[in-house]
Amino acid sequence: MSWDALSAWGEDATRIEPLTGGTSNDVWSVRINGRRAVARLGKRSDADLAWEASLLQHLDRNGLTVPVPIPTQDGRLFVNGLVVMPYIEGGPPRSADDWRRVAETLRELHRLTRNWPQRPGWKASTDLLHAETGTRIDLNAMPPESVIRCRAAWARLVGHPTCAVHGNPGNPGNIIMTADQVALIDWDEAHVDVPELDLVLPHNAAGLEGSARDAAEQAAAAWEAAVCWKDDYAEKRLAEVRPVENA
């Protein structure tokens, strides 16, 4: 996988400057046909990228603002791990009202994707009550007591409906807003799961209350601890997951 694939979008396709894109991808600002765009080079399989592209096309058709892949000159949506997406203008959410708009957008995402097929190779949080691995998660790498705590948190969501979830909407860098729209970007962690994992937001913007809020917060902390294990952030998130008596 290399940036040579960028030529599939045209002879004048050019990288401009690197952008912040997390640890899994190399993300650059590019110019395609004279217009600014964003290109992401990673190691995802074709099946994985096809799932993501299909989801984004579905959401776009139904009115959500998302970075639908820009086709190559011969119509492909990705080439050798490279995806090119439109550059979306705007800024991050800054107020409680902004985050409430984000929550409304996430609920619409969840409504539009009920019973969506799982991303290839991924597991939902409740699947991990019995499975040991799923994409970036390897419970075998965690201390047994930590796994018990995480599974106890996820068990509270058994039986809840599933849908496509963004996977990391609480990061302000993944939200681009204007007065007229809320755009969700960086779908690298998207998969099918319970919607509660997307709704633990700043200012409790989704309006979760009581045991529902507690269950969502515990499950989300457990998920991020497992996904990021083992770094300082994972340790911090795990500390938020309550121990299990007699574990």
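Everything discussed here concerns the structure shown above.
Scoring rules and cut-offs
- Residues numbered from 1 in each chain as written.
- Predicted model: local features only at pLDDT ≥ 70, side-chain atom pairs only at ≥ 80, totals over all residues.
- Heavy atoms only, no water.
- Phe/Tyr/Trp six-rings, centres within 6.5 Å; stacked < 30°, edge-to-face > 60°.
- Helix = DSSP H or I, 4+ residues; strand = E, 2+ residues; numbered from the N terminus.
- Buried < 20%, exposed > 50% of the residue type's maximum accessible area, 1.4 Å probe, protein only.
- Lys NZ or Arg CZ within 6 Å of the ring centre and 35° of its normal.
- Salt bridge = Lys/Arg side-chain N within 4 Å of Asp/Glu carboxyl O.
- Pairing = 2+ DSSP bridges.
- Axes fitted to C-alpha atoms, helices over the stretch in contact; angles between N-to-C directions.

1. Focus: the packing of aromatic side chains
- All chains considered together, the criterion is met by two aromatic pairs.
- An angle of 65° between the planes, with centres 6.3 Å apart, marks the rings of Trp3 and Trp28 as edge-to-face. Here Trp28 lies in strand E2 (residues 26-32) and Trp3 lies in the segment before strand E1 (14-19), a separation of 25 residues in the sequence.
- Accessibility expressed as a relative area gives 13% for Trp3, which makes it buried.
- Their ring planes at 65° and their centres at 6.4 Å tell us that Trp154 and Trp223 sit as a pair that is edge-to-face. Of this pair, Trp154 sits in helix H3 (residues 144-155) while Trp223 sits in helix H4 (residues 210-228), and the two are 69 residues apart along the sequence.
- Across from the ring centre of Tyr87, 3.9 Å away, lies the NZ or CZ of Arg36, which sits over that ring.

2. Considerations on the pattern of salt bridges
- Taken as a whole and judged by the stated rule, the model has 17 salt bridges.
- Here Arg242 ties to Asp214 by a salt bridge, and the two come within 2.6 Å at their closest N and O atoms. Of this pair, Arg242 sits in the segment after helix H5 (232-239) while Asp214 sits in helix H4; the two residues are 28 residues apart in sequence, bridging distant segments of the chain.
- For Arg237, the salt bridge is made with Glu240, and the minimal N-O distance between the two is 2.6 Å.
- Judged by its relative accessible area of 37%, Glu240 is partly exposed.
- Each member of the salt-bridge network shares a partner with another, and the members are Arg40, Arg44, Asp48, Glu52, Arg119 and Asp188.

3. Things to note about the sheet that holds E2
- Ordered in space as E1-E2-E3-E4, the four strands form an open sheet in which the pairing is antiparallel. At either margin of the open sheet sits one strand with a lone partner, and together these are E1 and strand E4 (82-86). In this sheet, adjacent strand axes meet at a mean angle of 35° when their direction is disregarded.
- Relative to strand E3 (residues 35-41), E2 is paired through seven bridges, and the arrangement is antiparallel. Residue Ile32 lies in a different strand from E3, and its bridge partner there is Arg35.

As far as function goes, none of this settles anything; it's purely spatial.
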